[in-house]
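If you want the building blocks of each chain, they are given just below.
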Amino acid sequence: MLKKIFSTMFSFSLVFSGIFTVSILDPEETEASSYNNLAGRPFMGWSSWSSIRKKPTEKNIKAAADIIAEKFRSHGYEYVNLDDYYQLDWTTNVDKYGRWVVDPKKFPNGMKAVGDYIHRKGLKFGLYVTLGIPKGAIDQNTPIEGTPYHAKDIVDFSKGQKVSFNFDNMYSINFSKPGAQEYIESWARLFASYGVDYLKIDGVRNQDIPDIEAWAKALKKTGRPIHVELSNNLDIKNVSTWQQLSNGWRTDHDVEAYGTPTHTNWEKVSRRFGDVAEWQPHAGSGGWNDLDSLNVANGSKDGLTADEKRSYVSLWAIAASHFVIGSDFTKLDNYGLSLLTNDEIIGVNQSGVTGKRLSKTSTSQVFFQELPDGSYNIGLFNTGLTPQNISVKWDDLGFKGSAMVHDLWSHEDLGNKDSGFTASLSTHASQMIHVVPAAALTVSPASGETEVTP
């Protein structure tokens, strides 16, 4: 699955007392998917779904690109992802080759103009599709581009409709039929012509593996590097397939709290603790676990306390999940902005290491990343309903002796700790620390002649 490439990601270093230096993130070399040489690290960006939902327009997508460029690009965010409802009703409206038609009222200049605008900002453009062939294509028996075949030649009514969360009338394709692969390839060429850099494929189930194989082949054939993201709530039993055919996979249902006045809630967020632990062994350079979007920057609209928001971002960071913002950019609050642009927390997310669960009780969980330089990133989480102390022991991490501790949120050095660390946490609060065992410390300069006092 993996192929080595060189990364341009930033790195951080901590200097303790002006003497010891240790790197939090040193991605001189990463690995990426052998499928498309992408996703050496989890992607970072913004998605329209959480805040805009059914009302994306050329204007508000371009405005989101402006905000990403202004406030987030310097921190590593680069994708602007348009998630659904950009098309006309495919039951009746398809183009001459049976593909979705961009809504001209929402996007009067067409989708390529949106892609061009995003690219001029130095960003990447993401789009959305579901599996199958539209009813409109079948009813009109549209030709398949570049072939003598038509829509009715490849549809498989025996399997019924595909899973489509927002519309009905996408029907199964029989990929043993001539023209079936070519149909998907025509769609992939269309997306490539828009300048798409990322494609979310929605409604994926185990029975849809032939569809994903077709899409993977088609997207690769375009010659354009396109990040492939699969959604949602995929089956872990087929993770090897998702790894081979994509760069990321949703591990659960949507994080949004539908039917409520808020974007999300703690129940939706906290169920991801189990996902992180279960899926951890399967993620890495080239393909990452996707916990869904981060909705932490719209004040009370988020449906979370300040501590819960910090824990939310901390869990996504230690898990090395994609950092994709779901917030409404017209209503950003300063606290949420500070959470999303903390470069040391971003460094944890971009470390290239997926966090493992070290311990779990009914009211607490501890996760850690063991980094190549011998240091650790550790997340301590109070998942209970009352304040409590949560500890990590160095013995449990596999080393003995003392270690330097640094708070990643506050950027504060917490000193040398002999055998472990204890965090005093309020309800649903957390603490993220970087731990450097004494054995991993490097004296600078190497001789110690000028900086180290005996």
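Residues numbered from 1 in each chain as written. Predicted model: local features only at pLDDT ≥ 70, side-chain atom pairs only at ≥ 80, totals over all residues. Heavy atoms only, no water.

(A) How the structure looks around the overall build of the chain. A count of helices and strands for the chain gives 14 helices and 23 strands. Over its C-alpha trace the chain gives a radius of gyration of 23 Å, about what one expects of a compact globule, namely 22 Å for 454 residues. Buried residues in the chain amount to 58% of all 454 residues. Within the chain, contacts between residues at least 6 apart in sequence are counted, and of these 71% link residues at least 24 apart. As displayed, the chain has an accessible area near 18,100 Å², and 49% of this comes from carbon and sulfur atoms. (Helix = DSSP H or I, 4+ residues; strand = E, 2+ residues; numbered from the N terminus. Rg over C-alpha atoms; globule rule 2.2 N^0.38 Å. Buried < 20%, exposed > 50% of the residue type's maximum accessible area, 1.4 Å probe, protein only. Contact = heavy atoms within 4.5 Å. Areas by Shrake-Rupley, 256 points an atom, 1.4 Å probe, with all protein chains shown as cover.)

(B) Layout of the environment of Ala-214. Summarising the element assignment, Ala-214 is placed in helix α7 (residues 209–221). Judged by its relative accessible area of 2%, Ala-214 is buried. Separated by 104 residues in the primary sequence, Ala-214 and Ile-318 place their C-alpha atoms 33 Å from one another. Residues within four places of Ala-214 in sequence aside, it is in contact with Phe-175, Gln-181 and Ile-184.

(C) Examining the pairing of strand β17 (residues 376–382) more closely. When you tally the buried positions in β17, you get 7 out of 7 residues, the bulk of the element. Burial along β17 is two-sided: Tyr-376, Ile-378, Leu-380 and Asn-382 and Asn-377, Gly-379 and Phe-381, pointing in opposite directions, are all buried. As paired elements, strand β16 (residues 364–370) and β17 share 7 bridges and run antiparallel to each other. Counted as the bridge partner of Ser-364 is Asn-382 from β17. The turn linking β16 back onto β17 is made up of 5 residues, and Gly-374 within it adopts a positive phi angle of 95°. The pairing of β17 with strand β22 (residues 430–437) spans 6 bridges and is classified as antiparallel. When the bridges of β22 are listed, Ile-378 appears paired with Ile-433. (Pairing = 2+ DSSP bridges.)

(D) Summary view of the sheet that holds strand β11 (residues 227–230). Read from one edge of the open sheet, 8 strands run β13-β12-β11-β10-β7-β6-β5-β14, paired in parallel fashion. Strands at the two margins of the open sheet, each flanked by one partner only, are β13 (288–290) and β14 (323–325). The sheet shows a mean angle of 25° between the axes of neighbouring strands, taken without regard to direction. Along the sheet, helix α2 (residues 58–72) makes contact with β5 (44–47), β6 (79–81) and β14, crossing β5 at roughly 150°. (Axes fitted to C-alpha atoms, helices over the stretch in contact; angles between N-to-C directions.)

(E) Layout of unusual backbone geometry. With an omega of -15°, the peptide bond running from Ser-231 to Asn-232 counts as cis. On the secondary structure map, Asn-232 appears in the loop between β11 and α8 (239–245). Although it is not a glycine, Asp-292 sits at a positive phi angle of roughly 90°. Inspection of the secondary structure puts Asp-292 in the loop between β13 and α11 (306–318). Given the relative accessible area of 9%, Asp-292 is considered buried. You will see that Ala-320, though not glycine, has its phi angle at about 55°, which is positive. Tracing the backbone shows Ala-320 in the loop between α11 and β14.

(F) Expanded view of the sheet that holds β17. Spatially, the 6 strands line up as an open sheet ordered β15-β16-β17-β22-β19-β20, and their pairing is antiparallel. Because the sheet does not close on itself, it has two edges, and the strands there are β15 (356–360) and β20 (412–417). On average, adjacent strands in this sheet sit at an angle of 25° to one another, irrespective of strand direction. Relative to β22, strand β19 (residues 403–407) runs antiparallel, the two sharing 5 bridges. Looking at the pairing, Ala-403 lines up with Pro-437 of β22.

(G) View of the packing of helix α6 (residues 180–194) against α7. In the contact formed by α6 and α7, the axes pass within 8 Å of each other and the chain directions differ by 50°. Put simply, α6 runs oblique to α7. Relative to α7, α6 is oriented so that their crossing is right-handed. On α7, the residues touching Gln-181, Ile-184, Glu-185, Trp-187, Ala-188 and Phe-191 of α6 are Ala-214, Trp-215, Lys-217, Ala-218, Leu-219 and Lys-221. Along the lines of polarity and charge, the residues of the contact of α6 with α7 split into 8 nonpolar, 1 polar and 3 charged. (Parallel < 35°, antiparallel > 145°, perpendicular 65-115°, else oblique. Left-handed = near helix turned anticlockwise from the far one by under 90°. Nonpolar A, V, L, I, M, F, W, Y, C, P; charged D, E, K, R; others polar.)

(H) Representation of the pattern of salt bridges within the structure. In this structure the tally under the stated criterion is 19 salt bridges. Arg-189 is paired through a salt bridge with Glu-145; the nearest N and O atoms lie 3.2 Å apart. Taken together, the positions of Arg-189 in helix α6 and Glu-145 in the loop between α4 (135–140) and α5 (151–154) put the pair 44 residues apart, joining distant regions of the chain. Overall, Glu-145 belongs to the partly exposed group, its relative accessible area being 25%. A salt bridge links Asp-302 to Lys-309; its shortest N-O distance comes to 2.9 Å. Take Asp-302 and Lys-309: they sit in the same class, and that class is buried. Residues joined in a network through salt bridges with shared partners are Asp-95, Arg-99, Glu-145 and Arg-189. (Salt bridge = Lys/Arg side-chain N within 4 Å of Asp/Glu carboxyl O.)

(I) Spatial organisation of the side chain of Glu-308. As for its position among the elements, Glu-308 is in helix α11. Among buried Asp, Glu, Lys and Arg side chains, Glu-308 stands out as unpaired, with Lys-309 the closest opposite charge at 8.7 Å. Among the polar contacts listed, one links the side chain of Glu-308 to the side chain of His-428, at a separation of 2.6 Å. (Lys, Arg positive; Asp, Glu negative; His and termini not counted. Polar contact = N/O pair within 3.5 Å; in protein donor to acceptor, adjacent residues only side chain to side chain.)

(J) Seen up close, α2. Taking 1.5 Å of rise per residue, the 15 residues of α2 would be expected to cover 21 Å, and the 20 Å separating its terminal C-alpha atoms lies within 8% of that figure. The complete set of buried residues in α2 reads Glu-58, Ile-61, Lys-62, Ala-64, Ala-65, Ile-67, Ile-68, Ala-69 and Phe-72. The inward-facing, buried residues of α2 contact β5, β6, α3 (111–120), β14 and α12 (334–340). (Expected span 1.5 Å × (residues − 1).)

(K) Broad picture of the environment of Ser-338. When you line up the elements, Ser-338 lands in helix α12. For Ser-338, a relative accessible area of 37% gives the class partly exposed. Separated by 131 residues in sequence, Ser-338 and Gln-207 have C-alpha atoms that sit 42 Å apart. Separated by 2.6 Å, the side chain of Ser-338 and the backbone oxygen of Tyr-335 make a polar contact.

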